[in-house]
Amino acid sequence: MDYRRFENTIVVRLNRGEEILTELKKICEAENVKLARLYALGATDHFVVGAYSVEEQKYYKNEFNGTFEITNLTGNITTMQGQYYAHLHITCADEKSKCFGGHLDECRISATLEMFIEVLDGTVERMKDEASGLNVFKF
């Protein structure tokens, strides 16, 4: 992984074998990022995504292995109880351009990932919403 910061934007390159969530946390902690939005594209050979059932208050996870283009990775960085909190969604296309996606749980890079993190001034906390079971924005 390598990155450069240009004022409020961090430009990131992840390398083969690196895991997105692990590396993103390292960057945000090193750069003291409390609030940001991000987007990226690249390639993966392994990812795990989930879809959330509000009624059951649980994620249904799906694991994918093979050759995939990361056609979109988007999300935000906030805090919960003052600690780093990432919320990311991903869409990946296989060799026939069939897309799969959802809430990102894990993603290993197969070639490279190009990411832009736009750091915002301020902090947005999260709190547990009992009705949905999700950690939502708290203003």
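Residues numbered from 1 in each chain as written. Predicted model: local features only at pLDDT ≥ 70, side-chain atom pairs only at ≥ 80, totals over all residues. Heavy atoms only, no water.

Here we take up the overall build of the protein chain. The secondary structure content of the protein chain amounts to one helix and eight strands. In terms of overall size, the protein chain behaves like a compact globule, its C-alpha atoms giving a radius of gyration of 15 Å where 139 residues would be expected to give roughly 14 Å. Expressed along its principal axes, the backbone C-alpha trace of the protein chain runs to roughly 45 × 45 × 20 Å. Split into buried and exposed, the 139 residues of the protein chain put 39% on the buried side. Within the protein chain, contacts between residues separated by at least 24 positions form 64% of all contacts whose residues are at least 6 apart in sequence. (Helix = DSSP H or I, 4+ residues; strand = E, 2+ residues; numbered from the N terminus. Rg over C-alpha atoms; globule rule 2.2 N^0.38 Å. Buried < 20%, exposed > 50% of the residue type's maximum accessible area, 1.4 Å probe, protein only. Contact = heavy atoms within 4.5 Å.)

Right, let's get into unusual backbone geometry. Notably, Glu 7 is not glycine yet its phi reads approximately 55°, a positive angle. Within the element layout of this structure, Glu 7 appears in the loop between strand S1 (2–6) and strand S2 (9–15). Take Glu 7: its relative accessible area is 76%, and that puts it in the exposed class. Unlike most non-glycine residues, Gln 81 shows phi in positive territory, near 55°. With respect to the helices, strands and loops of the structure, Gln 81 is situated in the loop between strand S4 (58–80) and strand S5 (83–93).

Looking now at the pairing of S1. Bridge analysis of S1 against S2 gives five bridges, and the strand direction is antiparallel. In the strand pairing of S2, Tyr 3 is matched with Val 12. Once S1 ends, the chain turns through two residues before running back antiparallel as S2, passing Glu 7 with a positive phi of about 55°. (Pairing = 2+ DSSP bridges.)

A separate point is the pattern of salt bridges. Proximity of charged atoms lets side chains of opposite charge pair with each other. Counting across every chain of the model gives seven salt bridges. Where Lys 25 meets Glu 29, a salt bridge forms, and the shortest distance between an N and an O atom there is 4.0 Å. Highlighted residues: Lys 25 and Glu 29, both in helix H1 (residues 20–30), separated by four residues, approximately one helical turn. Judged by its relative accessible area of 51%, Glu 29 is exposed. Between Asp 45 and Arg 108 there is a salt bridge, and its shortest N-O distance comes to 2.8 Å. Of the two residues, Asp 45 sits in strand S3 (residues 36–53) while Arg 108 sits in strand S6 (residues 99–119), which places them 63 residues apart along the sequence. For Asp 45, a relative accessible area of 22% translates into the label partly exposed. (Salt bridge = Lys/Arg side-chain N within 4 Å of Asp/Glu carboxyl O.)

Topologically, Met 1 is positioned in the segment before S1. Taking the C-alpha atoms as reference, Met 1 lies 9.4 Å from Ile 27; in sequence the two are 26 residues apart. Residue contacts for Met 1: discarding those within four places in its chain leaves Val 12, Arg 13, Leu 14, Asn 15, Glu 18, Glu 23, Lys 26 and Ile 27.

Note that Asn 76 resides in strand S4. A distance of 3.0 Å separates the side chain of Asn 76 from the side chain of Arg 126, its partner in a polar contact. Ignoring anything within four residues of it in the chain, the contact list for Asn 76 reads Ala 36, Arg 37, Tyr 85, Ala 86, His 87, Leu 88, Arg 126 and Phe 137. (Polar contact = N/O pair within 3.5 Å; in protein donor to acceptor, adjacent residues only side chain to side chain.)

This next bit is on the nonpolar core. If you look at the biggest cluster of nonpolar residues, it comprises 28 residues, and the most contacted ones within it are Ile 20, Ile 70, Leu 73, Leu 113, Met 115 and Ile 117. Of all the elements in the fold, those that place two or more residues in this core are S2, H1, S3, S4, S5 and S6. Here the element with the most residues in this core is S6; it accounts for seven residues. In this structure, Ile 70 is in contact with Ile 20, Ala 40, Leu 41, Gly 42, Ala 43, Thr 44, Ile 90, Thr 91, Cys 92, Cys 107, Ile 109 and Leu 113, ignoring residues within four places of it in sequence. (Core = buried A, V, L, I, M, F, W, Y, C linked by side-chain atoms within 4.5 Å.)

Everything listed is a geometric property; what it means functionally is a separate question.
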